[in-house]
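Reading the structure
Residue strings, one per chain:
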Amino acid sequence: MNVTMITSMDDFLSLRQDWEKIRSDNREENFYYSFDWYEAICRFGAEPYCSLFVLLIRDDDRIVAILPCWIIKKRPRFITHRSVEFIGNIYSPYRGGMVLKGKEADVADAIVDFMLSKRKLWDIAYLEFMPSKDPFLLALERSFEKKPMITRKVEQYANLIVDVDPGQNAEDYWNSRTKSFRQHIRRCLNRLRRDGKAKILLTCNPEQSVRVAMDHYEDIYRCSWKEAEGDPIFHRNLAEYLLSKGKLRLFTLYFKQGGSEKSSDGFLPISIGTATQCISEGYVPIATAYFVADGAYAGMLKTAYRQDYDKYSSGTLLTWHVIQWLLDRDKTKVIDFQREGDAYKYKWGRFRDMHMLLKVASPSSPLAMIETLGEKYLIPAMRRIGWMKTPDFSVIPKPNSSEM
């Protein structure tokens, strides 16, 4: 196999057709392995202090793998390293590349040999957020272990999903939830209707203005229990990008105090907003659910609700209506809750996989090897007795003009 290194963003973005050809052959439906996601990352979330390290692998004349990586400076506690990572940002629930099925072992061997030939360019390979069952992760691990290299593999987070059987609709899914959970949703809905009026607005049409919906998303987020976003501009830019491709599903729950509605067995209606996204006077946005829909796959990017309306469990109410829409209207087969195995997610779905970190020290970097050995053996022992709680890495940004 022939391995080529690409260092130009334009050259990487020119690989869309080859990428999507492999993705189609693999029948891969996960949005986070689509070229749209990587293009969005490169446009809106690329680190300004990284250099591209994209690897293109050919078997004879056919492209069989594209591994989008970059090299970024990081400091694991005390030592500055040049870290090779798959392209992504703090909102990437999956990282990796596009490898033709059946070629994982050959590609992994070729990549490891190539990285060893370029060992002076990097100190650490920090390959994170890869599903533990990913055949390419397993092949990479075996290929690295064949070489005189120090590796470390650790669990990062649990991935939960809502998956449905063929032909199953939202009613079937609703009836599959526990009786106590369904009663909780009913009680919250009745409480909401007793105190006022509620409606859900969906932003999904490219003709709609996403600006108003994102303004309300940010208002809700500021009034929620969540910490400020690390990159607040990213999701606004991503929403415009996804909307232009018809893949955005941004749900907003609005509530108006007073003038209660009659309770019924029906749930709240979801309407697609107008081009101007005008909201009736008196309605307050109290919950938001930011999803992406790509074929049979839907992913939950962000959710939030206002703390001062928590008596309505507005986040739970909105989540149910979102699932109902995705199953019945978008015909989604998998709804991915992405990162973190929060307890509430088990009420909606099931555990699918654990996402892993594979860390490898370059043989050309003695300090990286010492650091990795320490993380593999010494630091776990220190953490067990409560002596160490520091994270693995912190990013080192380029200095600004005032610091130079």
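Before reading further, recall that the structure is shown in the block above.
Residues numbered from 1 in each chain as written. Predicted model: local features only at pLDDT ≥ 70, side-chain atom pairs only at ≥ 80, totals over all residues. Heavy atoms only, no water.

Quick look at the overall build of the chain
What counts is decided by this rule: Numbering goes from the N terminus for both helices and strands, where a helix is a DSSP run of H or I of at least four residues and a strand is a run of E of at least two. In this treatment the radius of gyration is a C-alpha quantity, and the globule benchmark scales as 2.2 Å times the residue count to the 0.38 power. What makes two residues a contact is simply this: any of their non-hydrogen atoms within 4.5 Å. Charge counting follows a simple rule: Lys and Arg are positive, Asp and Glu are negative, and His as well as the terminal groups are ignored. By convention, charge coordinates are those of NZ in Lys, CZ in Arg, CG in Asp, or CD in Glu.
Of the regular secondary structure elements, the chain holds 11 helices and 17 strands. For the chain, whose C-alpha radius of gyration is 23 Å, the value lies close to the compact-globule estimate of 22 Å for 404 residues. Counting only C-alpha atoms and orienting by the principal axes, one finds that the chain spans roughly 70 × 50 × 50 Å. Within the chain, counting contacts between residues at least 6 apart in sequence, those at least 24 apart form 80% of the total. A distance of 4 Å separates the average location of the 60 positive side-chain charges in the chain from that of its 53 negative side-chain charges.

Brief notes about helix α8 (residues 210–222)
Basically, it comes down to this: Take the residue count of a helix, subtract one, and multiply by 1.5 Å to get its expected span. Three exposure classes are used, based on accessible area relative to the maximum for each residue type with a 1.4 Å probe and protein chains only: buried under 20%, partly exposed in between, and exposed over 50%. What qualifies as a polar contact is a pair of N or O atoms within 3.5 Å, subject to a donor-acceptor requirement within protein and to the restriction that residues adjacent in sequence count only when both atoms come from side chains.
For α8, spanning 13 residues, the distance from its first C-alpha to its last is 18 Å, which sits close to the expected 18 Å at 1.5 Å a residue. What α8 keeps buried is the set V210, V212, A213, M214, H216, Y217, I220 and Y221. The inward-facing, buried residues of α8 abut β10 (196–203), α9 (232–244), β11 (248–257), β13 (284–294) and β14 (297–305). Regarding α8, its N-cap is S209, as a side-chain oxygen of that residue lies 3.5 Å from the backbone nitrogen of R211 further along.

Some points on unusual backbone geometry
Even without a glycine there, the phi angle at R27 is positive, about 55°. Inspection of the secondary structure assignment puts R27 in the loop between α2 (16–26) and α3 (35–45). Taking relative accessible area as the criterion, R27 reaches 76% and is therefore assigned exposed. With a phi angle near 55°, K331 is a residue other than glycine that sits in the positive phi range. Within the secondary structure, K331 sits in the loop between α10 (314–328) and β15 (334–336). Look at K331 and you get exposed, because its relative accessible area is 53%.

What to know about the pairing of β14
Worth spelling out the cut-off: Two strands are counted as paired when DSSP detects at least two bridges linking them.
The buried count for β14 comes to eight of nine residues, which makes it a mostly enclosed element. In this structure, β14 lies alongside β15, joined through three bridges in parallel fashion. Note that in β15 the partner of Y297 across the bridge is V334.

Brief notes about the packing of aromatic side chains
Each aromatic ring pair is characterised by the separation of its centres together with the angle its planes make. Where we set the bar: Paired rings are identified among Phe, Tyr and Trp, the last through its six-membered ring, by centres lying within 6.5 Å, and are further divided according to the angle between planes into stacked (under 30 degrees), edge-to-face (over 60) and tilted (the rest). The rule is short: NZ of Lys or CZ of Arg within 6 Å of the ring centre and within 35 degrees of the ring normal puts a charge over the ring.
One pass over the full model with this rule turns up 23 aromatic pairs. Centroid distance F12 to F35: 5.4 Å. Interplanar angle 45°. Geometry classified as tilted. Of this pair, F12 sits in helix α1 (residues 9–13) while F35 sits in helix α3; the two residues are 23 residues apart in sequence, bridging distant segments of the chain. Assessed through its relative accessible area of 0%, F12 is described here as buried. In this structure an aromatic cluster arises from ring pairing among F31, Y32, Y33, W37, Y91, Y94, F234 and Y297. Across the ring face of Y283, the terminal group of K199 is positioned such that the distance to the ring centre comes to 4.4 Å.

A few points about the packing of helix α7 (residues 179–195) against α10
Worth spelling out the cut-off: Here an angle of 0 to 180 degrees is reported between the N-to-C directions of two axes, which are lines fitted to C-alpha atoms, with helices fitted over the stretch in contact. Roughly parallel means an angle under 35 degrees; roughly antiparallel, over 145; roughly perpendicular, 65 to 115; everything else is oblique. Definitions for this section: a left-handed crossing has its near helix turned counterclockwise from the far helix by less than a right angle. A right-handed crossing has that turn clockwise. For this scheme, ten residues count as nonpolar: Ala, Val, Leu, Ile, Met, Phe, Trp, Tyr, Cys and Pro. Four count as charged, namely Asp, Glu, Lys and Arg, and the remainder, Gly too, count as polar.
One can describe the packing of α7 onto α10 by two numbers: an axis separation of 10 Å at closest approach and a directional angle of 110°. On the basis of the axis angle, α7 is roughly perpendicular to α10. For the pair α7 and α10, the sense of crossing is left-handed. Seen from α7, the contacting residues are F181, H184, I185, C188, L189 and L192; seen from α10, they are T316, L317 and W320. Here the contact of α7 with α10 is composed, by residue class, of seven nonpolar, two polar and no charged.

Concerning the sheet that holds strand β1 (residues 2–6)
One open sheet accounts for four strands, arranged β1-β3-β4-β7; its pairing is antiparallel. Every other strand in the sheet has two partners, leaving β1 and β7 (98–99) as the edge strands with one partner each. Across two bridges, strand β4 (residues 62–67) lies against β7 in antiparallel orientation. Note on β7: the bridge partner recorded for I66 is M98.

Section: the pairing of β13
With 10 of 11 residues buried, β13 is to be regarded as a mostly interior element. Pairing geometry for β13 and β14, over eight bridges, is antiparallel. Directly across from V292, in β14, lies its bridge partner G299. With antiparallel pairing between neighbouring strands as the criterion, β13 and β14 make up a hairpin whose turn holds two residues, including G295 at a positive phi of roughly 65°.

Brief notes about the pattern of salt bridges
For clarity, the cut-off: Salt bridge, as used here: a side-chain nitrogen of Lys or Arg that lies within 4 Å of a carboxyl oxygen of Asp or Glu.
Evaluated as defined, the whole model comprises 28 salt bridges. Across the pair R211 and D215 runs a salt bridge, and its minimum N-O distance is 3.4 Å. Separated by four residues within a single helix, R211 and D215 lie in helix α8, roughly one turn from each other. On the basis of relative accessible area, D215 is assigned to the partly exposed category, the value being 26%. The residue D330 makes a salt bridge to R249 at a minimum N-O spacing of 2.9 Å. You can see D330 sitting in the loop between α10 and β15 and its partner R249 sitting in strand β11, a full 81 residues away along the chain. Each member of the pair D330 and R249 is classed as buried. Bridged by salt links that share partners, the residues R16, E20, R23, D36, E39, R43, K245, K247 and D294 form one connected network.

Brief notes about the environment of F129
Within the secondary structure layout, F129 lies in strand β8 (residues 124–131). The buried category is assigned to F129, whose relative accessible area is 7%. On a C-alpha basis, the gap between F129 and P93 in space is 6.4 Å, while along the polypeptide they are 36 residues apart. With sequence-adjacent residues up to four places away left out, F129 is seen in contact with S92, P93, Y94, R95, Q156, Y157, R339, H355 and M356.

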